[in-house]
Every structure is written in C-alpha cells, then in structure tokens.
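# Working through the structure, step by step
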Amino acid sequence: EAGVTQSPTHLIKTRGQQATLRCSPISGHTSVYWYQQALGLGLQFLLWYDEGEERNRGNFPPRFSGRQFPNYSSELNVNALELEDSALYLCASSLAGQGVDEQYFGPGTRLTVT
Amino acid sequence: DAKTTQPPSMDCAEGRAANLPCNHSTISGNEYVYWYRQIHSQGPQYIIHGLKNNETNEMASLIITEDRKSSTLILPHATLRDTAVYYCIVRVLGNTGKLIFGQGTTLQVKP
C-alpha cells in the first residue's frame, strides 16, 4: 500500500513569492493535515481538511491557505513568502476526522526562502 | 489537550529494551495517549496509542498507569534504526484533528 506522498521534495523561493506544495493521502483516507517544522520550533499544526472542507486551522496567518480536491489530495499555498517560512512542511492523512484515527505522515517538502 | 513531559534524551544499548517515559498528569478521561517517532529529517511515524489498557503491536508496547497520569513506551529489542525523536502526545477524543507535538525524547541506540 502506497504511503502519503508529497511534492516537490525541495522548493527554493525568494521573499515575496508564492509556494505551492502538494500532498496525496493514503488510498481510502479522507482527512489531510498539514504541519510546519521550522528549525528550533518543533512540529506545529497548520491545517486540517476533511471531505473537501477546512475543519481546523492552527495559529498561522491567512497567507497560509490550502484546499482539498475531490480525490482527497491537497494543496498548501503560502503567499508573500517570508524568510521565516523556511521549514519542512509535512502532510499527514487519516481514515476520517472523527475520533482518534492515527495520522500517517509523508516525507515532507523542504521549503527554503531566500 | 493535556500537556506532556518527557526527558530530553536517553541512551539505550542495541538489543536491550528501551523504556521511554511520559508524564501527563492533567490528562482527562476522554484523552488518548499516542506515540510517534521521527527519524532524522523524515516524517513522523505512528507507533501506538491507548486509552487506559496496556497495548502491544509489532513495533512496541504501551504501558499506562492505573491513574493514567503517566505512560511508558517500550521498544523490546532496540536496534540502531530505532534512533529517533520519540513524541508522546495526549489527544482528546474529538474533532480538533491536530496533534500537538512537544520536544520529545531523543533516543540514541548505541552498539
């Protein structure tokens, strides 16, 4: 069974540009989660999508946004990039957004903002 | 979600059991204990979770005290590949979706 996949593996952008990161969940999973892991700050929850709807959002500015497509894949967009947005962005998926379903993570996209 | 406390680092000899403790003294009755690990620069990996009974799977065992204020993750025969940061997370039964990661315990398995 294929795991969560993310693309691209690495992304280099300059300040002010926009970045688009993509995630494909495990087959059958309807929920997708996004996390940011910046150096020294640990893993922080960004967004949760389930059945195409945004269900929860972490403490991040509105320039972090995303969407979930009918096939349950997801996209994270970061507008007006700042240097501190440099981080590993991790996507996870689970069977459903209810209860205590465990989340399975992808390998991440390393975003570097110069 | 309840806060967790873990030692920042631990060492374990290869082939021996690794016992990773976690304190969650403010845990509520509807909160589960989850364990994840993150091997350097990879995505976190789900290990195990439980509510109040001890749990075991092919990766590890989870021992939760009777008062549920602490738990221990046991890797029965640690290998070098088990070197990672281990996160203990207490998650409310509900629809918040998010996992709150603390600093975790860096486990170094030594030959």
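Residues numbered from 1 in each chain as written. Chains lettered and ligands numbered in written order. Predicted model: local features only at pLDDT ≥ 70, side-chain atom pairs only at ≥ 80, totals over all residues. Heavy atoms only, no water.

On to the environment of Arg67(A), then. All names here are of chain A. Secondary-structure assignment places Arg-67 in strand S7 (residues 64–68). Owing to a relative accessible area of 45%, Arg-67 belongs among the partly exposed residues under this scheme. Taking the C-alpha atoms as reference points, Arg-67 and Ser-31, 36 residues apart in sequence, are found 12 Å from one another. With sequence-adjacent residues up to four places away left out, Arg-67 is seen in contact with Tyr-49, Ser-73, Ser-74 and Glu-75. (Helix = DSSP H or I, 4+ residues; strand = E, 2+ residues; numbered from the N terminus. Buried < 20%, exposed > 50% of the residue type's maximum accessible area, 1.4 Å probe, protein only. Contact = heavy atoms within 4.5 Å.)

So, about the interface of chain B and chain A. Between chain B and chain A, the contact holds 19 residues from the first and 21 residues from the second. Of the roughly 1700 Å² buried between chain B and chain A, counting both surfaces, carbon and sulfur atoms make up 52%. Where chain B packs against chain A, one counts zero salt bridges. At the boundary of chain B with chain A, the tally comes to three residue pairs in polar contact (both at pLDDT 80 or more). Contributing elements (two or more residues each) for the side of chain B that touches chain A: strand S3 (31–38), strand S4 (45–50) and strand S8 (84–92) of chain B. (Buried area = accessible area lost by both parts, 1.4 Å probe. Salt bridge = Lys/Arg side-chain N within 4 Å of Asp/Glu carboxyl O. Polar contact = N/O pair within 3.5 Å; in protein donor to acceptor, adjacent residues only side chain to side chain.)

Right, let's get into the nonpolar core. Generally speaking, soluble globular proteins have nonpolar side chains that are buried together. Grouped together as the largest cluster of nonpolar side chains are 22 residues, with contacts concentrated most on Leu21(A), Trp34(A), Leu46(A), Leu76(A), Tyr89(A) and Leu111(A). Contributions of two or more residues to this core are made by strand S3 (19–24), strand S4 (31–38), strand S5 (42–50), strand S8 (74–78), strand S9 (87–94) and strand S11 (109–113) of chain A. Cys22(B), Trp35(B), Ile48(B) and Ile64(B) belong to the second largest nonpolar core, which has 21 residues in total. (Core = buried A, V, L, I, M, F, W, Y, C linked by side-chain atoms within 4.5 Å.)

Attention now goes to the packing of aromatic side chains. Following the criterion strictly, the structure yields 13 aromatic pairs over all chains and no others. Where Tyr35(A) meets Phe45(A), the ring centres are 5.7 Å apart and the plane angle is 70 degrees; that geometry is what we call edge-to-face. Of this pair, Tyr35(A) sits in strand S4 while Phe45(A) sits in strand S5, and the two are 10 residues apart along the sequence. Here the two residues Tyr35(A) and Phe45(A) agree in accessibility, since each one is buried. With centroids separated by 5.9 Å and ring planes inclined at 90 degrees, the aromatic side chains of Tyr35(A) and Phe101(B) adopt a geometry described as edge-to-face. On the criterion of chain membership, the pair formed by Tyr35(A) in strand S4 and Phe101(B) in the loop between S8 and strand S9 (105–110) is interchain, its members lying in two chains. Three or more aromatic residues link up through ring pairs in this structure, and these residues are Tyr35(A), Phe45(A), Tyr104(A), Phe105(A), Tyr34(B), Tyr36(B), Tyr46(B), Tyr87(B) and Phe101(B). (Phe/Tyr/Trp six-rings, centres within 6.5 Å; stacked < 30°, edge-to-face > 60°.)

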